[in-house]
Amino acid sequence: MRRLLVLVLLLGPMLILAACASTGHRAGRVGTAYTPRSPGYGWSGACDQPSNARQAARINAASIDSLPVSPFGRTEIGWRTYAALTAQEVGVRCSPDTAGFAEALGRWKSAHGLAYDGTMDDKALSLLKGAWQEKRPFLMGRVRREPCPPPPPIEALEQIKPSESHYGKPILVRPEVLAAYRAMAAAARRDLPEITADPMLMTIFSGYRSPEYDAAMCATNGGCNGVARAGSCSAHRTGAALDIVLGNAPGARVDTASDANRRYLSQTRLYQWLVWNAPRYGFVNYPFEPWHWEYVAAAAYSTTSPQPARRTAR
Ligand SMILES: [Zn+2]
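Residues numbered from 1 in each chain as written. Predicted model: local features only at pLDDT ≥ 70, side-chain atom pairs only at ≥ 80, totals over all residues.

Trainee: Any chance you could break down the packing of helix H3 (residues 83-90) against helix H12 (residues 269-277) for me, citing the residues and the numbers?
Mentor: Contact geometry of H3 with H12 gives a least axis separation of 10 Å together with a crossing angle of 25°. Judged on the interaxial angle alone, H12 and H3 are roughly parallel. Regarding H3 and H12, the two cross each other, and that crossing is right-handed. Judged by residue contacts, Ala84, Leu85 and Gln88 of H3 engage Tyr271, Gln272, Val275 and Trp276 from H12. When grouped by side-chain class, the residues that make up the contact of H3 with H12 number five nonpolar, two polar and no charged. (Axes fitted to C-alpha atoms, helices over the stretch in contact; angles between N-to-C directions. Helix = DSSP H or I, 4+ residues; strand = E, 2+ residues; numbered from the N terminus. Parallel < 35°, antiparallel > 145°, perpendicular 65-115°, else oblique. Left-handed = near helix turned anticlockwise from the far one by under 90°. Contact = placed C-beta atoms within 7 Å. Nonpolar A, V, L, I, M, F, W, Y, C, P; charged D, E, K, R; others polar.)

What follows is the structure in structure tokens.
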């Protein structure tokens, strides 16, 4: 509990540290809206059974789109963007307006020193954020003020296939990250027919980015958000961070960081699927950016340079 609180305090000012700097890609097609309680990836089970958490469920149903919260430093209205991650963290596949969700959230809050009441609030969300961010070795290195991990040698990276890339853009990633991504994408494709219907979904729109590239993008378009404040130390320099196309809200790009687009993306079936399944493939989400997933193998975040890997013949 104390560790989590310390983490929350440390992470407070680190807004948008992973910051997927604007990469100039075009908007993809609009993704499929998420239908609550469909089986297999998101909400399911007996979530509305008689429970003393019904009152908390009613409060959550009202607050999810109206409560001002600021887990990442800027005020957002409502916590729907974080509902899927919350359900996964507290271990329940229930819609956020149900007694089942409130019960599980109450248990989690109680275990972390908060009131056992099942309602979401800014304090609970801050603690949840600490739990999510703690899963990111890259970020933990920044919190511990370790040196920024050096980028891998270019020859240690592998080029993704055009069919795996957003509009066929050339993208490099670490070979072990690409293997994990491919296994995950195949599983997602099996579970979610909309990916077959829209092959742009689940493609990668950013992988490895050199520190020089990120610095230049920051200087050119000012779209670097926290990258500049973080000393241009983006997780994308490791070759282990992927920005994955989940769709986009009407008029938004796949990486538009507006609250409306982030909320939209968080409600797609693909995002819901990733929240529950990506950890099995070694990926964790940066919660402020639904599209940003980091492969959490320790080697990718070492502060010493990795050895060049043998290139895979293609
Ligand atoms: Zn990213």
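Trainee: For the pairing of strand E8 (residues 292-295), give the residues involved together with the corresponding values.
Mentor: Covered by surrounding structure in E8 are His292 and Glu294 together with Trp293 and Tyr295, the residues of both alternating faces. Bridging between strand E6 (residues 241-244) and E8 involves three bridges; their strand directions are antiparallel. Across the sheet, aspartate 243 pairs through a bridge with histidine 292, a residue of E8. One ladder, built from three bridges, connects strand E7 (residues 283-285) with E8; its direction is antiparallel. Bridging from a neighbouring strand, valine 284 pairs with glutamate 294 of E8. Between E7 and the antiparallel strand that follows it, E8, lie six residues. (Buried ≥ 20, exposed ≤ 12 C-beta atoms within 10 Å, placed from the backbone. Pairing = 2+ DSSP bridges.)

Trainee: Can you tell me about the sheet that holds E7, naming the residues and giving the values?
Mentor: The four strands are arranged E5-E6-E8-E7 in an open sheet whose pairing can be described as antiparallel. Every interior strand has two partners, whereas the edge strands, strand E5 (204-206) and E7, have only one. Taking the axes of each pair of neighbouring strands and ignoring which way they run, one obtains an average angle of 40° across the sheet.

Trainee: Could you give me a rundown of the packing of helix H2 (residues 54-63) against helix H4 (residues 99-111), with the residues and numbers involved?
Mentor: Put simply, H2 and H4 touch, their axes get as near as 8 Å, and they point 100° apart. Taken together, the axis directions place H2 and H4 in an arrangement best described as roughly perpendicular. When H2 is examined against H4, the residues Arg54, Ala56, Ala57 and Asn60 are found in contact with a partner set consisting of Ala99, Phe101, Ala102 and Gly106.

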